[in-house]
Amino acid sequence: MKKLVTNSIYYVGANDHEIDLFEGQYPVPNGMAYNSYVIVDDSICVMDTIDRHKTEEWLLNISEVLGDRQPDYLVVQHMEPDHAGSIKAFLDRYPNVTIVGQAKTFPMMQHFFHSIKLENTLTIKEGDTLELGHHTLHFILAPMVHWPEVIMTYESESKMLFSADAFGKFGALDREDDWITEARRYYIGIVGKYGKQVQNVLKKAANLDIQTICPLHGPVLSENLGYYLNLYDIWSSYRPEQDGVCVCYTSVYGNTASAVKLLCEQLKEAGAPQVQCFDLARDDMAEAVAAAFSFDKLVLATTTYNGDIFPFMKTFLDHLLERSFQNRTVALMENGSWAPQANKIMRKTLETCKDITFAKTHITITSALSKENSEQILELAQELAGDYHAADTAIANKIDPSAMFKIGYGLYVVTTNDGNRDNGFVCNTVTQLTDQPFRIAVNISKRNYSCEIAAKTGVLNVCTLSKDAPFSLFQQFGFQSGRDVDKFEGFSSTHRTTNGLLCLTKYANAYISAKVISTVDLDTHTMFICEVTESAVLSDKPTMTYTYYQSDVKPKPQTDKKGWVCNICGYIYEGEELPEDFICPLCKHGASDFSPL
């Protein structure tokens, strides 16, 4: 299968529907895609080979693109056999090609292909470039994402990132499936252990103008790249992706299963936004592991078995620990006809994980579910779902004066709606004016689309950001315009308040709904004087201050070049002098918000 990615870059990969288990353990009912690309320029470059089971199809795709021309380079970004399995066949067909890789690539290549002759090689280092003509390749080392020899490649002419295994997914390209489900299962299962290394690569990518991502599995990504980058930031920093409860259990004779069924029903009745349940003996283990990382709460229910825990639960816990499970709330339920040990063993296992909070309510079933157990299950459901209530309209439809205490010289997301679409932007100028009645002032730049909307509609919400807000949140709401994009696309942790506007229920410790009663023209900004109509405290997490954002959240520039750095978003302008009328292409702030490197 060959197709154009741009007018000079071709996709030449293949779909595999014969495979049933990827890496010998992950079920792939929709097959797999092995991706490879050809850049046609003055010099011709092939980006990676594919699995040996599809070698002939791949070579045919290349010949259809090149005709009588010969490739000049083969870039080997990753030596795993599903990507490097056709290197020997490629060299047999094109013996004069130069193979490009980093220092660790070539010893691995000889380990896989004992008879291979490496006569023409080019060893690259971090930051090296390769000129093809109109296209220039910039090489980025990505060690342990997820093998030590991995590199990624940025092509600056088309602003395209060849991302190796990153941003890939399970499934062939000729099958329809939910991208996020299969991408999450792929990431957590295969790359999940290496969150720190992924974070390091994301910091490098933050300085690149990326318009297209070409992974080695799954589709080429060219729209809403912020959505995919944000997911990788969440996954690699081990933060919960969404609010909800993942329930994982094993059951021998059905009694533990009955207790879990009751718990799931009670969780839904208690207001848990999502409940997903897995029978670890029957359901896809990889999907259960991915769900445990996706949700902010996890319930484990199993039997005491031979003085230990049931084998499938033990395997599941091993998967969690192997992938650095952390930052979650965990509840435990055990069953044992005599000498129950499961809760003790599960707790001891998970205590080795970072930042695990155990639910106060823990349940011990003696053989079959009792009346007391049923009451405990209700108590556990209410405990787990209680954190979600603060954003519920029935509870939050009032003015909570303590929400005002959250206002400091902090950072906020101010939300509006233009009648067709929700909008939001990052603001650091919110001030409480009075408390009888409660009034606030919000200063908004006239360049912001939200200024226009607030003036027209007369309503807005202020979401006070907490210290756990990641840099990706500021990118999503601060570095792009609501005129051009849907700021809330891919961000599901929201609640619609009484005034009809959204507020953030994640990365925010309070929200305030406000009605505009007057405005003050401040030349470049408009001050909106607002009366508070609704407010609520969402958590006791500390407020994100501008100082904390600058010191602990915003990535530090990594360059030895001369130039200027934006104090807001970190964009680097290279040059001795910064033009007085320069506007940051990312966050749209002017030259006054830049400092010399």
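Heads up: the structure comes first, above all this text.
Residues numbered from 1 in each chain as written. Predicted model: local features only at pLDDT ≥ 70, side-chain atom pairs only at ≥ 80, totals over all residues. Heavy atoms only, no water.

Participant: Would you take a moment to explain empty space enclosed by the protein for this structure?
Facilitator: By rolling a water-sized probe across the atoms, one finds the places where empty space is left. Across all of its chains, the model carries 3 cavities of 30 Å³ or more by this definition. As for the largest cavity, its lining consists of Ile140, Met152, Leu161, Phe167, Val201, Leu202, Ala205 and Leu229. Top element by residues in the lining of the largest cavity is helix H6 (residues 195-205). It accounts for 3 residues. Of the residues assigned to the lining of the largest cavity, the class counts are 8 nonpolar, no polar and no charged. (1 Å grid on protein atoms, 1.4 Å probe; cavity = no way out; pocket = protein on both sides within 12 Å on 5 of 7 lines; lining within 4 Å. Points joined across faces, edges and corners; volume = space filled by probe spheres on them. Helix = DSSP H or I, 4+ residues; strand = E, 2+ residues; numbered from the N terminus. Nonpolar A, V, L, I, M, F, W, Y, C, P; charged D, E, K, R; others polar.)

Participant: Help me understand the state of the cysteines, please; the structure alone is not making it clear to me.
Facilitator: By definition, a disulfide is the covalent link that joins the sulfur atoms of two cysteine residues. Across all of its chains, the model carries 0 disulfides by this definition. The closest cysteine sulfur to the non-disulfide-bonded Cys353 is located on Cys248, 14 Å from its own sulfur. Cysteine Cys530 remains unbridged, with the sulfur of Cys427 as its closest cysteine sulfur at 11 Å. (Disulfide = S-S within 2.5 Å.)

Participant: I tried to follow the pattern of salt bridges on my own but got confused; where do I start?
Facilitator: Opposite charge on two side chains lets them pair, provided their charged atoms get close. Per the stated rule, a full pass over the model turns up 19 salt bridges. The salt bridge involving Arg184 is made with Glu241; its shortest N-O contact spans 2.8 Å. Residue Arg184 is located in helix H5 (residues 179-191), and its partner Glu241 is located in the loop between helix H7 (225-236) and strand S17 (242-249); the two are separated by 57 residues in the primary sequence. Like Arg184, the residue Glu241 is buried in the burial classification. One connected set of salt bridges, linked through shared partners, spans Glu182, Arg185 and Asp284. (Salt bridge = Lys/Arg side-chain N within 4 Å of Asp/Glu carboxyl O. Buried < 20%, exposed > 50% of the residue type's maximum accessible area, 1.4 Å probe, protein only.)

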